[in-house]
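Take a look at the letters that make up each chain.
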Amino acid sequence: MELPKIVLGIPGFWKTRNEFKEAMIRKGNGYIYLGNHIGNFEKPEEFFEIDISDYNQYVAEAFEIAGNGSFSKDDVNNLKKHNSIVYIISDGGTLENVLRIMDVASAVLHAGGIAVNVESSGRACTKNDWLDITNNKEITKVFTAFIQMSRDNNIFFTTGMHSFGYPDVITSTVGMAVAEIEQLFKVFCLYSIIEKPKINDGETFSLDLNSPIFLLKKENCTMFEEDDLFFNPYGIWNLIRHHQPKSE
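A brief look at the structure comes next.

The rules we used
All chains use their own residue numbering, which begins from 1 and follows the written sequence. Whole-chain, interface and lining totals are the exception, using all residues; otherwise, since this is a predicted model, local features are given only for residues with pLDDT of at least 70 and side-chain atom pairs are given and counted only at 80 or more. By convention in this description, side-chain values take in all heavy atoms of the structure and omit both hydrogens and water. Think of it in three bands: with a 1.4 Å probe and only protein chains considered, a residue is buried below 20% of the maximum accessible area for its type, exposed above 50%, and partly exposed in between. Secondary structure is summarised from DSSP: a helix means a run of H or I of at least four residues, a strand means a run of E of at least two, and numbering begins at the N terminus for each. This arc describes the spread of directions from the helix axis toward the C-beta atoms. Every axis corresponds to a line fitted to the C-alpha atoms, with the helix fit spanning only the stretch in contact, and the corresponding angles, defined between N-to-C directions, vary from 0 to 180 degrees. When describing relative orientation, an angle under 35 degrees is termed roughly parallel and one over 145 degrees roughly antiparallel, while 65 to 115 degrees is termed roughly perpendicular and anything else oblique. By the convention used here, residues are in contact when the closest approach between their heavy atoms is within 4.5 Å. Only Asp, Glu, Lys and Arg are considered charged, only Ala, Val, Leu, Ile, Met, Phe, Trp, Tyr, Cys and Pro nonpolar, and every remaining residue, Gly among them, polar. Here, any two strands with at least 2 DSSP bridges between them count as paired.

**Things to note about helix α6 (residues 139-146)**
Here's step 1: Every buried residue belonging to α6 is among Val 142, Phe 143, Ala 145 and Phe 146, and all of these are buried. Viewed along the axis of α6, the buried residues span an arc of 160 degrees, placing them on a single side of the element.

**Things to note about the packing of helix α4 (residues 95-110) against α6**
Here's step 1: Contact geometry of α4 with α6 gives a least axis separation of 12 Å together with a crossing angle of 75 degrees. The angle between the axes of α4 and α6 places the two elements in the roughly perpendicular class. Side by side, α4 and α6 meet where Leu 95, Val 98, Leu 99, Ile 101 and Met 102 of the first sit next to Ile 139, Val 142 and Phe 146 of the second.
Here's step 2: Here the residues of the contact of α4 with α6 are counted per class, giving eight nonpolar, no polar and no charged.

**With respect to the sheet that holds strand β7 (residues 123-126)**
Here's step 1: Overall, antiparallel pairing links the seven strands, which are arranged β2-β3-β4-β5-β1-β6-β7 in an open sheet. A strand with exactly one partner marks an edge of an open sheet, and here the two such strands are β2 (31-34) and β7. Going across the sheet, the axis of each strand differs from the next one's by a mean of 30 degrees, ignoring polarity.
Here's step 2: Here strand β4 (residues 43-54) runs beside strand β5 (residues 84-91); their pairing, made up of six bridges, is antiparallel. Looking across to β5, one finds that Ser 53 is bridged to Ile 85.
Here's step 3: Strands in contact with α4 are β1 (5-12), β2, β3 (37-40), β4, β5 and β6 (115-118); relative to β1, the strand with the most contacts, it is inclined by about 15 degrees.
Here's step 4: Sitting on the sheet, helix α5 (residues 127-136) is in contact with β1, β6 and β7, with an inclination near 90 degrees to β7.

Structural data, given as structure tokens:
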């Protein structure tokens, strides 16, 4: 299977490509802009594809929504003042690839970037949050930076798990609070990323002995077309509420 792509969008104050190039040379943590790529002389094997677009009037609103309440008024006002957007494109599919592209995005932030949107999941981070997560590389926070959780009527689902090489997760909201589902998804997804268990179709999963039990059903990703950045080639886990714990 061809590795899925991670795409990060970073609005900035650069008015021209040359301004971006000069900013990367001065403040880009050793990364430089070369034509349509960003690279680091200390890591010559790593080059990341770059695309640059002009001002987009919808950026501030989109980032505010995708940030799930993490963007302050000042953050949003800064986004409204951006002049261009840098897109970083690289292979996903592994935690190592995620951490590598995070470092590149941090270099772009140091060189004048304002915030980061994971275009391949719909999750946005403020500049300070992204830099903090990149510096400590705590897996739970890396997960939060890359994975979006969304609701569509009575369905709750994740997007972005293909960045790490795993299926996304979906479940019904019937009889469950959103906060409860978010915790369920976070534990299940981090268990997959950190422990790398072999999970079989038809097994069950529960947070603890007193929590609902879910039947795991492996399905293809049909919510998005194959050319959509949200499409997950690894499929999805449908968590079907199986039965209540005996204590209920």
